[in-house]
Amino acid sequence: MKKIFKSFTFYFLLASVLIILTHIRGGDSHGIVLFHLNPILKPIILYTDFADILDSGYKIVNGSIQGETSVYWYVAHFISFALIGVTLDIIKMLVKKFQKEKSMNKKYRHL
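Being a predicted model, the structure only gives us computed values, none of them experimental.

Undergrad: Got a minute to help me understand a nonpolar patch on the surface in this structure?
TA: Together, I4, F5, Y11, L14, V17, L18, L21, I40, V75, F78, I79 and L83 make up a nonpolar patch on the protein surface, roughly 1,000 Å² of accessible area in all. Elements supplying a minimum of two residues to the nonpolar patch: α1 (2-5), α2 (8-25) and α6 (71-109). Sorting elements by how many residues they give to the nonpolar patch places α2 first, with five residues. Take V17: it is sitting in helix α2. Its relative accessible area of 37% is what places V17 among the partly exposed residues.

What follows is the structure, given as C-alpha cells:
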C-alpha cells in the first residue's frame, strides 16, 4: 500500500480525476487545463481526424463554453495521464537500479 503513494502513476491519475471534475463543474470553461496543457492531447486537437473520433462519444453536459464534452475526451485524458505516470515510474526504477549497480561496483572496486 505504501508503494502506491510513492508512485507517479497514482498522483497523475488523481490529478487527472481532479482536472476532469473541475472541467465538468465549469472551473476550466475553456478546456485549457484539460486539453491544452496535456502533452499528449494537445497534438491530437490539431489533427481533426482523431479529434472527430474523440468528439463522437456520449456527450456530458458541463460548464465549458461548448456546453458539453464527449466522454472519450475524458477517457483519453485519464489514459494519457496514466501513460505519463507509468513512464515516470519506469524512469525512476531505472535510475534507482543504475545507482544501486554503480554503488555495488564502487564497493567491490575497493576490495
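Here the narrative resumes, following the displayed structure.
Undergrad: What am I meant to see in the environment of S64 here?
TA: Mapping S64 onto the fold places it in the loop between β1 (59-61) and β2 (68-70). S64 sits 39 residues away from R25 along the chain, and the two C-alpha atoms are 8.2 Å apart. Setting aside residues up to four positions removed in sequence, S64 forms contacts with H23, S29 and T69. Reaching out from S64, the side chain makes a polar contact with the side chain of Q66 at a distance of 3.2 Å.

Calculation criteria
- Residues numbered from 1 in each chain as written.
- Predicted model: local features only at pLDDT ≥ 70, side-chain atom pairs only at ≥ 80, totals over all residues.
- Heavy atoms only, no water.
- Patch = residues over 30% accessible without salt bridge, like charges linked within 9 Å, V, L, I, M, F, W, Y side chains within 5 Å.
- Areas by Shrake-Rupley, 256 points an atom, 1.4 Å probe, with all protein chains shown as cover.
- Salt bridge = Lys/Arg side-chain N within 4 Å of Asp/Glu carboxyl O.
- Helix = DSSP H or I, 4+ residues; strand = E, 2+ residues; numbered from the N terminus.
- Buried < 20%, exposed > 50% of the residue type's maximum accessible area, 1.4 Å probe, protein only.
- Contact = heavy atoms within 4.5 Å.
- Polar contact = N/O pair within 3.5 Å; in protein donor to acceptor, adjacent residues only side chain to side chain.

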